[in-house]
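Descriptive analysis of the structure
Each chain, written out:
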Amino acid sequence: MGVRDTGDLIKFLEPFDEKTVELALWLRKFVWKQYPRANELIYDNYNAVAFGWSTTLKVTDIFGSVAVYGNEKLHLGFNWGSRLTDPEKVLLGDGKQYRFVRLTSKKDFPADYIKELLAEANINSLANAKDLGSAPHGQTVVKSISPKKKRTGSK
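Here goes a summary of the coordinates provided. Keep in mind it's a predicted model, so treat the numbers as computed, not measured. (Residues numbered from 1 in each chain as written. Predicted model: local features only at pLDDT ≥ 70, side-chain atom pairs only at ≥ 80, totals over all residues. Heavy atoms only, no water.)

**Considerations on the overall build of the protein**
- Scanning the protein from N- to C-terminus turns up 3 helices and 6 strands.
- In the protein, the succession of α and β elements from N to C terminus is α-α-β-β-β-β-β-α-β.
- Burial status across the protein gives 45% buried among its 155 residues.
- The long-range share in the protein, meaning contacts at least 24 apart out of those at least 6 apart in sequence, stands at 60%.
- A total of about 8,500 Å² of accessible surface is found on the protein, and carbon and sulfur atoms cover 53% of it. (Helix = DSSP H or I, 4+ residues; strand = E, 2+ residues; numbered from the N terminus. Buried < 20%, exposed > 50% of the residue type's maximum accessible area, 1.4 Å probe, protein only. Contact = heavy atoms within 4.5 Å. Areas by Shrake-Rupley, 256 points an atom, 1.4 Å probe, with all protein chains shown as cover.)

Listed below in structure tokens is the structure:
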């Protein structure tokens, strides 16, 4: 299991256009390369396919995630992005918690800066996580599959 376990995720991404799927899988590889011991939690939800990296198997410990909505709408998000320093002000969102970066291509992706944000988010997650000693490492786990889907822009 882990980074090579792509079967379910690829199946969940089938309704989306090729460019969006390619970018989502590229982002997945980008984060896995930085955090091979993190666990990937996958959600095939009502309005999006989302997958995130957690220090445990709990959604509350996810420090970074990818959400695929359709119409080439893809986010790299941070569950507690409001707590990140973000000196370059690239994170979008004005809620109490979640912040994200919209992605449309690899060439516009600020890789080094995102690595810094992921590192800070991971440190925050580790500081707040419980049961770290009993948590598995490097696993891919499908956490939910919504029986109904409503996604704009999928095939």
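**As for unusual backbone geometry**
- Positive phi values are uncommon outside glycine, yet D86 reaches one of about 45°.
- Structurally, the position occupied by D86 is in the loop between β4 (73–78) and β5 (99–103).
- Positioned with a positive phi, K89 is a non-glycine residue whose angle comes to about 55°.
- Tracing the sequence through the fold places K89 in the loop between β4 and β5.
- When its relative accessible area of 64% is taken as the criterion, K89 is described as exposed.

**Re the sheet that holds strand β1 (residues 39–44)**
- Taken in spatial order, the 6 strands make up an open sheet running β5-β4-β3-β2-β1-β6, and their pairing is mixed. A single partner strand is all that each edge strand has here, and the edge strands are β5 and β6 (140–145). Adjacent strand axes in the sheet meet at a mean angle of 20°, parallel and antiparallel pairs treated alike.
- Relative to strand β2 (residues 49–54), β1 is paired through 6 bridges, and the arrangement is antiparallel. Its bridge partner lying in β2, E40 is registered against W53.
- Those strands touched by helix α2 (residues 18–34) are β1, β2, β3 (62–70), β4, β5 and β6, and its axis lies near 5° from that of β2.
- Its contacts with the sheet put helix α3 (residues 111–128) on β3, β4 and β5, and the angle it makes with β3 is roughly 125°. (Pairing = 2+ DSSP bridges. Axes fitted to C-alpha atoms, helices over the stretch in contact; angles between N-to-C directions.)

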